[in-house]
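# Coordinate analysis (summary)
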Amino acid sequence: MSPVAQRTEIDGVAVDELQKSFRGELVRPDDAGYDVHRRVWNGSIDRRPALIARCTGVADVRAAIRFARSQNLRVAVRGGGHSFPGLSVCDDGMLIDLGPMKGIRVDPEARTARVQAGVLLGELDRETQEFGLAVPSGVVTHTGVAGLTLGGGIGWVMRKYGLTIDQLLSVDVVTADGELVKASENENADLFWGVRGGGGNFGIVTDFEFRLVSVGPYVMAGPVFWPMEDAPEVLRFYRDWIADCPDELMTIAVQRRAPALPIVPPELVGKLVFAVTACYAGPVEEGERVLRPLKEFGSPVLDFCRPKPFLEHQSTFDPSFPHGWHYYVRSCDVAALSDEVIDIVAEHGSHITSPVTSIALWQMGGAVGRIDDGATAFNGRQAGFTFNINGNSKTADGFDAERQWARDYWSALAPHHTSVYVNFLMEEGEERVRDAYGAAKYDRLKALKRKYDPTNFFSLNQNIKPD
Ligand SMILES: Cc1cc2nc3c(=O)[nH]c(=O)nc-3n(C[C@H](O)[C@H](O)[C@H](O)COP(=O)(O)OP(=O)(O)OC[C@H]3O[C@@H](n4cnc5c(N)ncnc54)[C@H](O)[C@@H]3O)c2cc1C
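Reading guide: rules and limits
Residues numbered from 1 in each chain as written. Predicted model: local features only at pLDDT ≥ 70, side-chain atom pairs only at ≥ 80, totals over all residues. Helix = DSSP H or I, 4+ residues; strand = E, 2+ residues; numbered from the N terminus. Buried ≥ 20, exposed ≤ 12 C-beta atoms within 10 Å, placed from the backbone. Pairing = 2+ DSSP bridges. Axes fitted to C-alpha atoms, helices over the stretch in contact; angles between N-to-C directions. Contact = placed C-beta atoms within 7 Å. Near = placed C-beta within 6 Å. Domains from an automatic or database assignment. Core = buried A, V, L, I, M, F, W, Y, C linked by C-beta atoms within 7 Å. Nonpolar A, V, L, I, M, F, W, Y, C, P; charged D, E, K, R; others polar.

### A look at the environment of valine 273
Within the secondary structure layout, valine 273 lies in strand 14 (residues 272-280). Classification of valine 273 by C-beta neighbours within 10 Å gives buried; the count is 26. Linking valine 273 and glutamate 17, residues 256 residues apart in sequence, is a C-alpha distance of 57 Å.

### Here's the deal with the sheet that holds strand 9 (residues 180-184)
Sheet architecture is open: five strands sit in the order 5-6-10-8-9, paired in antiparallel fashion. The sheet is open, and its two borders are formed by strand 5 (104-107) and strand 9, each paired with just one other strand. Pairs of neighbouring strands in the sheet enclose a mean axial angle of 15°, with direction left out of account. In the packing of helix 3 (residues 58-70) onto the sheet, the strands contacted are strand 8 (168-174), strand 9 and strand 10 (204-211), and the crossing angle to strand 8 comes to about 45°. Sitting on the sheet, helix 4 (residues 121-129) is in contact with strand 5 and strand 6 (112-116), with an inclination near 30° to strand 5.

### Here we look at the site of the ligand
In the vicinity of the ligand there are 34 residues, among which Gly80, Gly138, Gly144, Gly147 and Gly200 approach most closely. When residues of the shell around the ligand are traced back to their parent elements, those giving at least two are strand 3 (75-78), helix 5 (145-151) and strand 10. Ranked by residues supplied to the shell around the ligand, first place goes to helix 5 with five residues. Mapped onto the domain boundaries, the shell around the ligand takes at least three residues apiece from domain 1 (12-97) and domain 2 (104-214).

### Re the nonpolar core
Grouped together as the largest cluster of nonpolar side chains are 139 residues, with contacts concentrated most on Met94 and Ile96. Per element, the largest residue contribution to this core is seven residues, and it comes from strand 14. Not counting residues up to four positions away in its chain, the partners in contact with isoleucine 96 are Ala53, Cys55, Val61, Ala64, Val75, Val77, Arg78 and Ile204.

### Brief notes about the environment of serine 350
Counting through the fold element by element, serine 350 comes out in the loop between helix 11 (339-349) and strand 18 (358-363). Exposure remark for serine 350: the 13 C-beta atoms within 10 Å place this residue in the partly exposed category. Setting aside its immediate chain neighbours within four residues, serine 350 contacts Met228 and Leu272.

### Here's the deal with the domain arrangement of the chain
In terms of domain boundaries, the chain breaks down into domain 1 (12-97), domain 2 (104-214) and domain 3 (218-424). When each unit is reduced to the centre of its C-alpha atoms, the spacing between domain 1 and domain 3 is 35 Å. Between domain 1 and domain 3, the residue contacts involve five residues of the former and eight residues of the latter. Among the residues forming the side of domain 1 that touches domain 3, the class breakdown is two nonpolar, three polar and no charged.

### A few points about the pairing of strand 10
With six of eight residues buried, strand 10 lies mostly within the body of the structure. In terms of strand pairing, strand 6 meets strand 10 through five bridges, oriented antiparallel. In the strand pairing of strand 10, alanine 113 is matched with phenylalanine 210. Pairing of strand 8 with strand 10 involves six bridges; the strand directions are antiparallel.

### As for the sheet that holds strand 1 (residues 25-27)
Read across the sheet, four strands follow the order 1-2-4-3 without closing on themselves; strand pairing throughout is mixed. Both outer strands of the open sheet, strand 1 and strand 3, are each paired with one neighbouring strand and no more. On average, adjacent strands in this sheet sit at an angle of 20° to one another, irrespective of strand direction. Bridge count between strand 2 (residues 51-54) and strand 4 (residues 94-97): four bridges; the pairing is parallel. When the bridges of strand 4 are listed, alanine 53 appears paired with isoleucine 96. Those strands touched by helix 3 are strand 2, strand 3 and strand 4, and its axis lies near 170° from that of strand 4.

### Side note on the environment of leucine 235
Structurally, leucine 235 is set in helix 8 (residues 231-243). On the basis of neighbour count, leucine 235 is assigned to the buried category, with 21 C-beta atoms found within 10 Å. For leucine 235, the residues in contact, after removing those within four places along its chain, are Leu337, Ile342 and Val345.

### Re unusual backbone geometry
Proline 217 follows glycine 216 through a cis peptide bond whose omega is 5°. Here asparagine 72, not a glycine, exhibits a phi torsion of approximately 55°, which is positive. Note on placement: asparagine 72 falls in the loop between helix 3 and strand 3. At aspartate 92, a position not held by glycine, the phi torsion is positive, near 60°. Along the chain, aspartate 92 falls in the loop between strand 3 and strand 4.

Here's what the structure looks like:
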C-alpha cells in the first residue's frame, strides 16, 4: 500500500465549500497568521503546508480528514508541535492542527481528567495541581499532551506512578476513514494497546481520559551542579546512591555549559557543568533526607535542590528549550552506568561548545519496569537509563557541528545501546522504528496498522508501514 499521493495545488473552491461547515479557522499561505501556525517548536524545520485546518472539535477533525481524502492530500497532524524531527508539519498537503482543542475537565472526586488533543503539559498541570493531583507526564511545560502520551510519556513521577500511558483510561480516536471510535481496556482493546506507544499511526486522538495521581503540591526538587571534570566521580557515587533508592525519587543527570540565568552566578555562566536534577514525589521531609547524600557529595558549585511547588519544578527545563532554536537529538537506552559508559559520558561531555547544547541522562526503573511489558505497545520498560543527547544552536549557524557532536556521542555509546524511546527519535528510518518497538511488538503494530489505516493515510509520524 502506498501513502496517499501528494498534491501540491489545493482546490480553492473546495476549501471555500469546506469553510461553510468548518467551525475552526482554515489558513492558506496568503492568510495572516499562516507563518505563525505553520511553525513548530524546532526552528530548524521550515515547511509550508498548502492548507492549515485549525480544528475546534471532533466534527472539524472528521471534516478535515474527509477533505484531505477527497483531495488526495498528504496529511500532517499537530498536537503540541514538539516532534523533534518536525513530523507535525508538511510541505504542501494539509496540516490538521489540533491546537485550538484546549478542553480540560478534572474530576477531583473520581480522580480522573478528560483532556483534548491541543492541551500542553503546563496547562494540564495547572488544572490538576489545583487539587494536589497530576497526570504523570514530561519535564517541559510547553510539550503537547497528545504526542507525548501516544509515545509513552516519561517524566518526574514515572518511577512512582509509571508512564503517562499507564494512567490512560480511554481515548476517542477518529480513524483514517473518518469514523469516531472509543478505545479502552474494554472497547477496541487492540487499538487501545496500540495507541499506548504506537504514536499517531492509527488515527487522530481527539480526547484522552486519564486517572489522576497524588503529587505535591510541594516537592523536594531541583538541580545540584558540579564542575564537569568531577563528572566521573559524581557519576560513580550517583550509580551506587540510586541503586536502592525509593520509587519516589527520580533523577536526570545533565551535562551542559552553565546557562545565563538570574540564578546562576556570573562567574559560572558558560563553564562546563555536570548536574543531577532530582524530584522526590513524596513528603518533603522524606525527600530532604533521601537527597542529603547527593547534596553533600564532593564540592557542588550550585545547589537549587529545595522544597518548591511541583508546578514550579515542572518548568525547570523550560528556559533551555524555547521555541525556535535549532534542535537535533540522538537517543538510546543503556542497561547500566558501567565504568565504560561513565568514561564515554565524561569524554564527550567535556567537548560541549554551544551554550545551548546539553545531554539529559534519565534514570528509568521503578513502577515503569514493574508493569507488564506486553500490556502496551511502548517498549523499553526494562531500560536502566535513557540518553537524550541534544546538539542545539540558536540559529542555523554552527548547527552542523552540534549535530555532529551529538552523533559522535551517540556512536561512542553504540556498544551499550539497548532500546530507544520512540518519542526521542529523529527521522532515522524504518529499522530504528523497529528497534524502538522490538521485533514482536513491531509485527503486532503492523497488523494493527493494516486494520485501522491500511493505506497509510497517517504516514507523517514514526511510521509503521502497513505492508
Ligand atoms: C522540549 C521537549 C521536551 C520533551 N520532554 C519530554 C519528556 O519529558 N517526556 C517525554 O516522554 N517526551 C518528551 N519529549 C518528546 C515528546 O514526547 C515528543 O516530541 C512528542 O511527540 C511531542 O508531542 P506534541 O503533541 O507536542 O508533538 P507534535 O509534534 O504535535 O506531534 C508529535 C507526533 O504525534 C502525532 N500527533 C500529535 N497529536 C496527535 C493526536 N492527537 N492524534 C494522533 N497523532 C498525533 C503527530 O502527527 C506527530 O507525528 C520532549 C520533546 C521536546 C521537544
